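Listed below, chain by chain, are the residues.
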Amino acid sequence: MNRYWENLGNRIRHLLSGGLINILALADPQDAQPDTATNAANPPPTPFSFSAADWHTAGASPLNLMRGSNTATHYLGLDEWGELKTGRCTWDKVPARPFESTISGRVFAPIAQWSTQTLFKTNADVHLQNGDKCTIGQFVIAKHGDANFGGTVTARVEEILQLQGSPSERSGMPDFILIRIAASDHADDIYRMPQLSLKNQYYLVEFKDVLCTVNVQHNCSANSCTTAKTRPVFQEREITESVRDAVHHVGAPFDLVLNTAQMRDAIHVQQFRVPCVVLDEVAEERIIEASVRREIDVRKVRSAAKAVQAAAGGTANKRAGAPAHPQRLRVLKESGSARGK
Ligand SMILES: [Zn+2]
């Protein structure tokens, strides 16, 4: 019984923290009385669902209840767990100003609905719907409805705007996010990942249209970046005099590639993946043959080393300073020359 209430409490906490729950699994297996010994030994597995329709979370009102600390968060032990940060932005401390004094105002012509009396606040960062903290200059994937209906684009966040006095501003959320398109239609041959190039195309999008942040890396190969002993070594949190290698980026700082190998938000990122090279039959056979040959060689080396060890007997094992490694190397060389004959 205690376990039942404990599970229920965990489920409520999970739901109210914005987690999803599979409604098929809601029937508690404890409720079903096992009628035979066989059933008790093999409890039915929890039905997992691959259908998005079976996964539900709490509605907007219960989730809003969890913002900040209150009696409900106190009862559920979610006070110190942290407030729901989705949509929260951090004011950059620049006083509110008319649209034309913002970066967006310099990009776009004056917008009729906003007079000079309408003031805008700008922000240093915003927490996206997936929890990512997105700062100015961060590359993101955003929904872009106009030219690319239903599709997504890669872009850089340029400005996070709040209309002073708007409902969004009162709840600490942004009204608009200025994004600059970073085209990803050209693949880099070395990394086999999309190259990003910033375009003179800007859009004011809503908060919900910015889906996730993405990882971008400098195109070190094309710019011939090198390593240099520049990174200080820390010991016990103290900086030491030793330095270790760090990449020294040179060339164009905005020659970037989109890291499509990132695991988080793969559902959005994978759409930008560069397709793999399809191997022809000859190449495929050559790779398989080389892999099989290497595997056989490794096994030969292992069994030969064992045979040598067995022949040498127990006394050889005790001989000081007789490492097994050179022995294995010799066997590997022998097997290599034997194959060559
Ligand atoms: Zn570099």
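Fair warning: this is a prediction, and the values are worked out from it, not measured in the lab. (Residues numbered from 1 in each chain as written. Predicted model: local features only at pLDDT ≥ 70, side-chain atom pairs only at ≥ 80, totals over all residues. Heavy atoms only, no water.)

A.B. asks: How do you make sense of the environment of Thr122 when you look at a structure like this?
C.D. replies: Take Thr122: it is sitting in strand S5 (residues 119-127). Residue Thr122 is classed as buried on the basis of its relative accessible area, which comes to 3%. For the pair formed by Thr122 and Pro95, sequence separation is 27 residues and the distance between their alpha carbons is 8.3 Å. Aside from chain neighbours lying at most four places away, what touches Thr122 is Trp91, Asp92, Val94, Arg97, Glu159, Ile160 and Leu161. Polar contacts involving the side chain of Thr122 include one to the side chain of Asp92, which spans 2.7 Å. (Helix = DSSP H or I, 4+ residues; strand = E, 2+ residues; numbered from the N terminus. Buried < 20%, exposed > 50% of the residue type's maximum accessible area, 1.4 Å probe, protein only. Contact = heavy atoms within 4.5 Å. Polar contact = N/O pair within 3.5 Å; in protein donor to acceptor, adjacent residues only side chain to side chain.)

A.B. asks: Can you help me understand the packing of aromatic side chains in this one?
C.D. replies: What describes a pair of aromatic rings is the distance from one ring centre to the other and the angle between the planes of the rings. Scanning the model with the defined rule gives 4 aromatic pairs in all. Here the aromatic rings of Phe99 and Trp114 are separated by 5.1 Å at their centres, their planes lie at 55°, and the arrangement is tilted. In this pair, Phe99 sits in the loop between strand S4 (97-98) and helix H5 (103-107) while Trp114 sits in the loop between H5 and S5, placing the two residues 15 residues apart along the sequence. Grouping residues by exposure puts Phe99 and Trp114 together as buried. A ring pair is formed by Trp114 and Phe120, whose centres lie 4.9 Å apart and whose planes are at 75°; its orientation type is edge-to-face. Neither Trp114 nor Phe120 differs from the other in exposure class; each is buried. Cluster of aromatic residues (ring-pair linked, three or more members): Phe99, Trp114, Phe120 and Phe176. (Phe/Tyr/Trp six-rings, centres within 6.5 Å; stacked < 30°, edge-to-face > 60°.)

A.B. asks: Would you explain the confidence of the model for the protein chain in this entry?
C.D. replies: Any segment with low pLDDT has predicted coordinates that should not be analysed in fine detail. Predicted confidence across the protein chain gives a mean pLDDT of 81, with 81% of residues reaching 70 or more. Contacts from residues 320-324, a stretch scored under 50 in pLDDT, to residues over four places away or in other chains number 0 contacts. (pLDDT = per-residue confidence, 0-100.)

A.B. asks: Any chance you could explain helix H1 (residues 2-16) here in plain terms?
C.D. replies: Every α-helix carries 3.6 residues per turn, so stepping three or four residues along brings you back to the same face. Taking 1.5 Å per residue, 15 residues should reach 21 Å; H1 reaches 21 Å between its end C-alpha atoms and fits that length. Gly18 sits one or two positions beyond H1 and adopts a positive phi of about 95°. (Expected span 1.5 Å × (residues − 1).)

A.B. asks: When you look at the coordination of the zinc ion in this model, what are you seeing that I'm missing?
C.D. replies: Any two of four tetrahedral donors ideally make an angle of 109.5 degrees at the metal, while pairs among six octahedral donors ideally make 90 or 180 degrees. Only His218 (ND1), Cys220 (SG), Cys225 (SG) and His249 (ND1) from the protein coordinate the zinc ion, and they sit 2.0 to 2.4 Å from it. Coordination at the zinc ion comes from 4 donor atoms whose angles at the metal span 99 to 125°, giving a geometry best classed as tetrahedral. For the zinc ion, all donor residues lie on one chain, and their spacing in sequence is H-x1-C-x4-C-x23-H. By the burial criterion, His218 is buried, and Cys225 matches it. (Donors = N, O, S within 2.8 Å, 3.2 Å for Na, K, Ca; no water. Tetrahedral: all angles 85-135°; square planar, octahedral: opposite > 155°, others 65-115°.)

A.B. asks: Even after reading the chapter, I still don't get a nonpolar patch on the surface, so can you show me in this structure?
C.D. replies: Together, Ile23, Leu24 and Leu26 make up a nonpolar patch on the protein surface, roughly 240 Å² of accessible area in all. With respect to the helices and strands, Leu24 occurs in the loop between strand S1 (21-22) and helix H2 (37-41). Residue classification places Leu24 among the partly exposed residues on the basis of a relative accessible area of 43%. (Patch = residues over 30% accessible without salt bridge, like charges linked within 9 Å, V, L, I, M, F, W, Y side chains within 5 Å. Areas by Shrake-Rupley, 256 points an atom, 1.4 Å probe, with all protein chains shown as cover. Salt bridge = Lys/Arg side-chain N within 4 Å of Asp/Glu carboxyl O.)

A.B. asks: How do you make sense of unusual backbone geometry when you look at a structure like this?
C.D. replies: Note: most residues except glycine have negative phi, and most peptide bonds are trans. Phi angles above zero are rare outside glycine, and Lys93 is one such case at about 70°. Among the structural elements, Lys93 can be located in the loop between strand S3 (89-91) and S4. Accessibility expressed as a relative area gives 62% for Lys93, which makes it exposed. A positive phi is found at Ser224, a non-glycine position, where the angle reads about 50°. Along the polypeptide, Ser224 turns up in the loop between helix H7 (220-223) and strand S13 (226-235).

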